Amino acid sequence: MKIAIAGTGYVGLVTGVCLAEVGHDNVVCVDIDENKVELMKSGKSPIYEADLEELMKKNYSIGRIDYTVDYQSAYKDAEIIMIAVGTPERKDGSANLDYIKKVAKQIASSITKDTLVVIKSTVPIGTNQDIEKYIRKNLKNNVKVEVASNPEFLSQGTAVKDTLNASRIVIGVESLWAQEMLEKVYKPFNQPIVATNRNSAEMIKYASNDFLALKISFMNDIANLCEIVGANIEDVALGMSYDERIGSKFLKAGIGYGGSCFPKDTKALHWLSTHNGYELKTIKAAIEVNECQKLRLVRKASRLVESFEGMKVAVLGLTFKPGTDDLREAPSITNIEYLVDRGANVIAYDPVGIENTKKIFKENIKYTTSIDEAIKDAEACFIMTEWKEIINYDVINYKEKMKKALIFDGRNCYKIEDMKNLGIEYYSIGR
Ligand SMILES: NC(=O)C1=CN([C@@H]2O[C@H](COP(=O)(O)OP(=O)(O)OC[C@H]3O[C@@H](n4cnc5c(N)ncnc54)[C@H](O)[C@@H]3O)[C@@H](O)[C@H]2O)C=CC1
Ligand SMILES: O=C(O)[C@H]1O[C@H](OP(=O)(O)OP(=O)(O)OC[C@H]2O[C@@H](n3ccc(=O)[nH]c3=O)[C@H](O)[C@@H]2O)[C@H](O)[C@@H](O)[C@@H]1O
C-alpha cells in the first residue's frame, strides 16, 4: 500500500517513520523545504526527537521510506495521502487553514487513482468535509476521492514512543471503504481504534487538548491560591492524584503551558464556539489563567528588585518543555522579552534549544549551554523549563557562583528546605 504524507514536521515525519517501522514498505514523505528533504535523505532528522534518527536511518536503508519535494510523483499513485502540515493561529485566534488548502489543491491536480485523503493536522470541526468538497471540485482526473479525519495525539519529546504505543487511534469516516482502509493501515500497531464520524473525530482532538490545558490552568489557579493561604501545591496535587477519577497526570503547576498546540488549540476552539454563537466559558478561563501565569514570576521579581536595568539575569531552560528543541509559545520568550524591555542583560541557557532561541532574540541576549556560565555573577536567575540538567544541578553552585543568590523557579525544580538551608532566596510556584 503506497502511503504519501504531506509535511515532515513532528507529526508527518514521526508518522511516516513509524508506519515504515511497523512494516509498511512504500511510505513517501513530502515537504516543500528542499533542505529538509536533503537532510532527511542523509539520515538526519530536522527535529530533535528521541529515537527518531535511528528509525529514519534503518527504514530508509531498507527502502521502506523515502523523502521528496516532488509532490506530484508522490501523490499520483498513492492509495492514501495523509496531510500533516501546520494549522497555526491567526491573529483573531482562529486556525489558519492555508497550508491544508494548498496541499488539497496539489492533491486534486495530481491523483490518478482512487485515493483516501486523511487529515492528521488539527483542524476545526467541518474542515474534513470542506476539504473533500474542494478536492472533488478541483479534480484533474476522474477518480474517487474521500477525506477521513485521523487526529494525532503524540507529545513532543516522546513522539516516537507515543506513536508506537498510542492510547487510541481515532478515525472519523463517512464510509465503510474509508474505515477499512484506515483499519488496514493501523492494524500492525495493535492499538484501540475509535471509529466515529468526521465532525466528532475533529472535536475529539480539540476537546482532548483543551481539557488538558484546562487541567493545567486549574492547577495553576489553585497554586496561586496556595501561595496566599499557605498551602503547598505539590502536596495538594499528590493528595488529589490518588483519586482515579482525577488521575496523577497534568497536575503540575508551573509557569504556564506553551508549545505549538495547547495555546493555539484553546484559542481555535474558543473562536469556533463564539463564531457559532456559543461561549465556551471554561476554555476562555483556561486561556486567561495561562496568559497571567506566564508572567507571574517576573512580576513577582519586579516587586522585589528595584530595577532590572543593567542587571545580569540568567534564564535557565528555554524550550516549552524538556525533551524538545521547540520554543513555540514557550513561556521563556514572554519572560525574556519582559526582562530585556526593562534593561536586563539576559544570559540564556538550554541544553538543546539555543539555536532556535537565537532565531528569536538574535544579538539581544547572550547564550550558553553551561549552567555554570549562565549563573556566574548573575544577580537573579529564572528557571523556565525542568530539564534534567537543571533538576540535577548542585544547588550549592547558585550560592557560590551568583553575585546574589536570588532564584525564581517556574517549574518547582528544587526542595524549598534545601534552598533555605543554603541561604538562597528562592521563589517557586504554589509553595
Ligand atoms: N507538534 C505536535 O506535537 C503535534 C501537532 N499536531 C498537529 O499536527 C499539525 C502539524 O504540526 P507539526 O508537525 O508540529 O508541524 P510542523 O510545523 O512541525 O511541520 C509542518 C511541515 O509541513 C511542511 N509543509 C508546509 N506546506 C507543505 C506542503 N504544501 N506540502 C508538503 N509539506 C508542507 C512544512 O515545511 C513543515 O515541514 C498541526 O495541525 C498540529 O496542530 C497534532 C498533534 C501533535
Ligand atoms: O496536539 C498536540 O500538539 C499535542 O499537545 C500536547 O503535547 P505537547 O504540546 O507536545 O506537550 P505536553 O507534554 O502536553 O506539554 C504542553 C505544555 O504544558 C505544560 N505542562 C504539562 C503538564 C503539566 O502537568 N503541567 C504543565 O505546565 C508543559 O510544560 C508544556 O509547556 C498533548 O499532550 C498531546 O497529546 C497533543 O497531541
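Residues numbered from 1 in each chain as written. Chains lettered and ligands numbered in written order. Predicted model: local features only at pLDDT ≥ 70, side-chain atom pairs only at ≥ 80, totals over all residues. Heavy atoms only, no water.

Looking at an unreviewed UniProt entry, one finds the protein named UDP-glucose 6-dehydrogenase, with Romboutsia lituseburensis DSM 797 as its source organism. Listed under Catalytic activity (unreviewed entry) in UniProt, the entry text for the protein is "UDP-alpha-D-glucose + 2 NAD(+) + H2O = UDP-alpha-D-glucuronate + 2 NADH + 3 H(+)". Under the UniProt heading Sequence similarities (unreviewed entry), the note attached to the protein is "Belongs to the UDP-glucose/GDP-mannose dehydrogenase family." (UniProt positions renumbered as here; feature names shortened; annotations may be inferred.)

### Digging into the site of ligand 2
Around ligand 2 sit 18 residues, and of these L154, Q156, K205, N209 and C261 come closest. For ligand 2, a nitrogen atom lies 2.9 Å from a polar atom in the backbone of K252. In the complex, the protein chains occlude 88% of the 700 Å² of accessible area that ligand 2 would expose alone. With 3 residues, helix α9 (residues 198-229) is the largest single contributor of residues to the shell around ligand 2. Its residues placed into classes, the shell around ligand 2 shows 9 nonpolar, 4 polar and 5 charged. (Near = heavy atom within 4 Å. Polar contact = N/O pair within 3.5 Å; in protein donor to acceptor, adjacent residues only side chain to side chain. Areas by Shrake-Rupley, 256 points an atom, 1.4 Å probe, with all protein chains shown as cover. Helix = DSSP H or I, 4+ residues; strand = E, 2+ residues; numbered from the N terminus. Nonpolar A, V, L, I, M, F, W, Y, C, P; charged D, E, K, R; others polar.)

### Re the packing of aromatic side chains
All chains considered together, the criterion is met by 10 aromatic pairs. Pairing F382 with F408 gives two aromatic rings, centres 5.0 Å apart and planes at 15 degrees, and the pair type is stacked. Note that F382 is positioned in strand β12 (residues 380-383) and F408 in strand β13 (residues 406-409), a separation of 26 residues in sequence. When its relative accessible area of 0% is taken as the criterion, F382 is described as buried. Arranged with centres 5.3 Å apart and planes meeting at 70 degrees, the rings of Y393 and Y398 form a pair that is edge-to-face. Residues Y393 and Y398 agree in their burial class; the two are buried. A network of ring pairs unites the aromatic residues Y393, Y398, Y414 and Y426 as a single cluster. Over the face of the ring belonging to W177 we find K144, whose NZ or CZ atom lies 3.9 Å from the ring centre. Of note, R168 hangs over the ring of F153, and the distance from its end group to the ring centre comes to 3.7 Å. (Phe/Tyr/Trp six-rings, centres within 6.5 Å; stacked < 30°, edge-to-face > 60°. Buried < 20%, exposed > 50% of the residue type's maximum accessible area, 1.4 Å probe, protein only. Lys NZ or Arg CZ within 6 Å of the ring centre and 35° of its normal.)

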